[in-house]
Amino acid sequence: DIQMTQSPPSLSASLGETVSIECRASEDIYSNLAWYQQKSGKSPQLLIYYASSLQDGVPSRFSGSGSGTQYSLKISGMQPEDEGVYYCLQGSKYPWTFGGGTKLELK
Amino acid sequence: QVTLKESGPGILQPSQALSLTCTFSGFSLSTYGMRVSWIRQPSGKGLEWLATIDWDDDKYYNPSLKSRLTVSKDTSNNQAFLKITSMDSADTATYYCAWTSNSGYYFDYWGQGVMVTVSS
């Protein structure tokens, strides 16, 4: 199985601050990487797919980058509604696997 | 607009089998490239992919549970199903179904989830 190591496990950011979350794959996943946001009590929502493509309706302050085994999600200007848990997902090889999650809070 | 909704028993006893239904709208699982997957999440923990069924009836299972999982579909009624045998307390979780379009390698949209508790 491909292991997805996500960091940091938790993060506290001030309003307007830029934050980054990283995911490292145990092998090359050829940009088959998606990012999800999960708010408390809700199902995950797709933010980014194929490492850097922004899902329709997602604010442009969210961006994704990376290749090979290293990927990152950046939020350019933290907003209160960005609080939640963020997960990466690799879809390069079955079984599809998720990172452990990053809990993002507003400072 | 795509919607998915999971339904299931809510609570069951150890060793029983779990049967879940995902009822969806906004797409057809007989259309090329469509997929429905099942993912679970224990309370306060991370996400685990369980199984996927494709438009052409190809099926993929998580090896860690493969012997216990069966995924199927009813295209005429826009439903997908997941069966898990020999349920244990470790299987207590919220179970989600999710849609993938165009044979993608991610989940475009998720259902609201259904909580399943295994307890005697």
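Chains are numbered independently. Their residues run from 1 in the order of the written sequence. Chains and ligands are labelled by the order in which they are written, letters from A for the one and numbers from 1 for the other. For this predicted model, a pLDDT threshold of at least 70 governs which residues receive local features, and a threshold of 80 or more governs which side-chain atom pairs are given and counted, while totals over whole chains, interfaces and linings are taken from all residues. Side-chain metrics rest on all non-hydrogen atoms present in the structure, leaving aside hydrogens and water.

## Focus: the overall build of chain B
Keep this limit in mind: Helix numbering and strand numbering both begin at the N terminus, where a helix is a DSSP run of H or I of at least 4 residues and a strand a DSSP run of E of at least 2. Our radius of gyration is a C-alpha quantity, and the globule rule it is checked against amounts to 2.2 Å times the number of residues to the power 0.38. Relative accessibility thresholds used throughout: buried, under 20% of the residue-type maximum; exposed, over 50%; partly exposed, between the two (1.4 Å probe, protein chains only). Here a residue-residue contact requires only that any non-hydrogen atoms of the pair lie within 4.5 Å. Where accessible areas are quoted, they stem from the Shrake-Rupley method and a 1.4 Å probe; at the residue level, only the protein chains shown are allowed to cover. All tallies of charge rest on Lys and Arg as positive and Asp and Glu as negative; His and the ends of each chain are not included. Every charge is mapped onto a representative atom, which is NZ of Lys, CZ of Arg, CG of Asp or CD of Glu.
When its secondary structure is counted, chain B shows zero helices and eleven strands. Listing the helices and strands of chain B from first to last along the sequence gives β-β-β-β-β-β-β-β-β-β-β. For a compact globule of 120 residues, the expected C-alpha radius of gyration is about 14 Å, and chain B comes in at 14 Å, within 12% of that figure. Here chain B holds 120 residues, and 47% of them are scored as buried. A fraction of 51% describes how many contacts in chain B between residues 6 or more apart in sequence connect residues 24 or more apart. When the accessible surface of chain B is summed, it comes to about 5,300 Å², and 44% of that surface belongs to carbon and sulfur atoms. Seen as two clouds, the 9 positive and the 10 negative side-chain charges of chain B have centres 5 Å apart.

## With respect to the state of the cysteines
Working definition of a disulfide: a covalent bond connecting the sulfur atoms of two cysteines. Condition: For the purposes of this analysis, a disulfide is any pair of cysteine sulfur atoms at a distance within 2.5 Å.
Per the counting criterion, the structure on display carries two disulfides over all chains. Across a sulfur-sulfur distance of 1.8 Å, A:Cys23 and A:Cys88 are joined as a disulfide pair. Given an S-S torsion of about -75°, the disulfide between A:Cys23 and A:Cys88 has left-handed geometry. Taken together, the positions of A:Cys23 in strand S3 (residues 18-25) and A:Cys88 in strand S9 (residues 84-90) put the pair 65 residues apart, joining distant regions of the chain. Given the relative accessible area of 0%, A:Cys88 is considered buried. Here B:Cys22 pairs with B:Cys97 through a disulfide, and the sulfurs are 2.1 Å apart. Note on the B:Cys22 and B:Cys97 pair: the S-S dihedral is about 70°, so by sign convention the disulfide is right-handed. On the criterion of sequence distance, the pair formed by B:Cys22 in strand S3 (residues 18-25) and B:Cys97 in strand S9 (residues 93-100) is long-range, its members being 75 residues apart. Classification of B:Cys22 as buried rests on a relative accessible area of 0%.

## Observations concerning the interface of chain B and chain A
Selection rule: The term buried area denotes the loss of accessible surface (1.4 Å probe radius) that occurs when two parts are joined, taken as the sum for both partners. Think of a salt bridge as a Lys or Arg side-chain nitrogen and an Asp or Glu carboxyl oxygen that are within 4 Å of each other. Here a polar contact is recorded for every N or O atom pair within 3.5 Å, except that within protein the pair must consist of a potential hydrogen donor and a potential acceptor, and residues adjacent in sequence are included only if both atoms are side-chain atoms. Residue classes follow a fixed rule: Ala, Val, Leu, Ile, Met, Phe, Trp, Tyr, Cys and Pro count as nonpolar, while Asp, Glu, Lys and Arg count as charged, and any other residue, Gly among them, counts as polar.
Taken together, the 22 residues of chain B in the interface contact 19 residues of chain A. Carbon and sulfur atoms make up 65% of the surface buried where chain B meets chain A, a total of about 1,800 Å² over both sides. Along the contact surface separating chain B from chain A lie zero salt bridges. The tally of links between chain B and chain A comes to six residue pairs in polar contact (both at pLDDT 80 or more). Those elements that provide at least two residues to the side of chain B that touches chain A are strand S4 (35-41), strand S5 (48-54) and strand S10 (109-110) of chain B. Residue classes in the side of chain B that touches chain A are distributed as eleven nonpolar, seven polar and four charged.

## What to know about the environment of B:Arg35
Mapped onto the elements of the fold, B:Arg35 is located in strand S4. Taking C-alpha positions, B:Arg35 is 12 Å from B:Val71, a pair spaced 36 residues apart along the chain. Leave out the neighbours within four places in its chain, and B:Arg35 touches A:Tyr94, A:Trp96, B:Leu29, B:Thr52, B:Ile53, B:Asp54, B:Ala98, B:Trp99, B:Thr100, B:Ser103, B:Gly104 and B:Tyr105. Reaching out from B:Arg35, the side chain makes a polar contact with the backbone oxygen of B:Gly104 at a distance of 2.6 Å.

## Quick notes on the nonpolar core
So the rule is basically this: Among buried residues, the Ala, Val, Leu, Ile, Met, Phe, Trp, Tyr and Cys ones that are joined through side-chain atoms within 4.5 Å form a nonpolar core.
B:Phe27, B:Val36, B:Leu82 and B:Tyr95 are the most contacted members of the largest nonpolar core, which has 30 residues in total. For this core, the secondary structure elements donating two or more residues are S3, S4, S5, strand S7 (69-74), strand S8 (79-84), S9 and strand S11 (114-118) of chain B.

Remember that the coordinates give geometry; whether it matters functionally is a separate question.
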